[in-house]
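Structural characterization, general
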Amino acid sequence: GFFQSYAVEVDIKDASNATCLYADWMMRFLITYESNNGDYKTTTLSLSSSVTHNGSVCGNDTRAALVAVQFGEGHSWSINITKNNETYQGDFITLTYNTNDTAVFPDAKRKGPVTVLVKDPLHPVQLNTVFVCHNSYFIEAENVTQIFWNVTLQAFVQNGTVSKKESRCPADIPTSAPTVPPTIANATTASTTTSSPAPTTAPKPVENPDTGNYSLKSGNKTCFLATVGLQLNVSQDKPLLININPKTTIADGACGNTTATLKLNDGNSTLIGF
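Along every chain, residues carry numbers that run from 1 in the direction the sequence is written. Local features in this predicted model are restricted to residues of pLDDT 70 or higher, and side-chain atom pairs are both shown and tallied only at a pLDDT of 80 or more, whereas totals for entire chains, interfaces and linings draw on every residue. In computing side-chain values, all of the structure's heavy atoms are included and hydrogens and water are not.

**Concerning the nonpolar core**
W25, W77, I81, Y97 and F131 are the most contacted members of the largest nonpolar core, which has 45 residues in total. Looking at this core element by element, the count peaks at eight residues for strand β2 (residues 19–34). Whether two residues are in contact is decided by their heavy atoms: any pair within 4.5 Å suffices. Once residues lying within four places of it in the same chain are set aside, the contact partners of F131 are Y88, L122, V125, Y137, V151, T152, L153, S167 and C169. Definition of nonpolar core: a set of buried residues of the types Ala, Val, Leu, Ile, Met, Phe, Trp, Tyr and Cys, connected through side-chain atoms within 4.5 Å. Exposed residues in this analysis have more than 50% of their type's maximum accessible area, buried residues have under 20%, and partly exposed residues fall in between, with area computed by a 1.4 Å probe over protein chains only. Listed in part, the ten residues of the second largest apolar core include Y214, F224, I244 and L262. Helix and strand definitions here come from DSSP, where helices need a minimum of 4 consecutive H or I residues and strands a minimum of 2 consecutive E residues; each element is numbered from the N-terminal end.

**Things to note about the pattern of salt bridges**
By convention in these notes, a salt bridge is any Lys or Arg side-chain nitrogen within 4 Å of a carboxyl oxygen on Asp or Glu. In this structure the tally under the stated criterion is seven salt bridges. Its salt-bridge partner being K109, residue E34 comes within 3.8 Å of it at the nearest N-O pair. You can see E34 sitting in strand β2 and its partner K109 sitting in the loop between β7 (87–98) and β8 (113–119), a full 75 residues away along the chain. With a relative accessible area of 27%, E34 lands in the partly exposed category. Among the salt bridges present, the one from R168 reaches D172, with a minimum N-O distance of 3.0 Å. Residue D172 is classed as buried on the basis of its relative accessible area of 15%.

**Let's talk about the environment of V132**
Mapped onto the fold, V132 is located in strand β10 (residues 130–133). Given a relative accessible area of 4%, V132 falls into the buried group. With 21 residues separating them along the chain, V132 and L153 place their C-alpha atoms 6.6 Å apart. When near neighbours in sequence (up to four residues on either side) are disregarded, V132 contacts V151, T152, E166, S167, R168, C169 and D172.

**Things to note about unusual backbone geometry**
With a phi close to 60 degrees, N128 is a non-glycine residue in the positive phi region. Here N128 lies in the loop between β9 (125–126) and β10. Judged by relative accessible area, N128 falls into the partly exposed class, the value being 34%.

As far as function goes, none of this settles anything; it's purely spatial.
Now the structure itself:
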């Protein structure tokens, strides 16, 4: 499914009212929780239209910077960012979700705030460089999948101005086909003979997706089994067909008494939940 999500913009000023930390991003969370009848359900927690950033700080050579936001009915998210001589890097990400929010967790067995702490997996960024990631990337820990996209972040901003120099995430960097060096077999020899132009080759149609076998276990027993080929048809600027590759896709999820959830992560920024 697709869920409404709002962008967050945090612009932290120092004592001279100059920008020292800037962040603009979108995120949402897939959370698996236990219901009152013992089933495990997966819900989506998205940002609301009203977000505060109390507790965010600039940081310096001896103190970590902190981006902290609060939203919805008692939910919060933060990342602390450390600096060395030449780079800055996210350290730990902390998510606290409140299962008393009945709109998101209508029948949660456990009531109250739950905190998940995870190490930021991204690489260090050079100082005076802004980190940019338009494509989605995922962080999974403790029954929570955190999804981020359209990220712009610079910590320890110099001279109050966000840099124009960008450091892109791996998901934004296109992969190009390797260049094949010329050999005797594929070299072209010049000729004075005039020939007809080669016929135009029609675009190769996208093949049907390979069939994958995905399963979940509850103890020693298989509780969820899916044998399926998956293809996504995404309508953006132009139609995009994506085949899910079973060889690189990881199945995860949970089974309850009356509900089962299967999550497929293809390792290439695509996450599908059933």
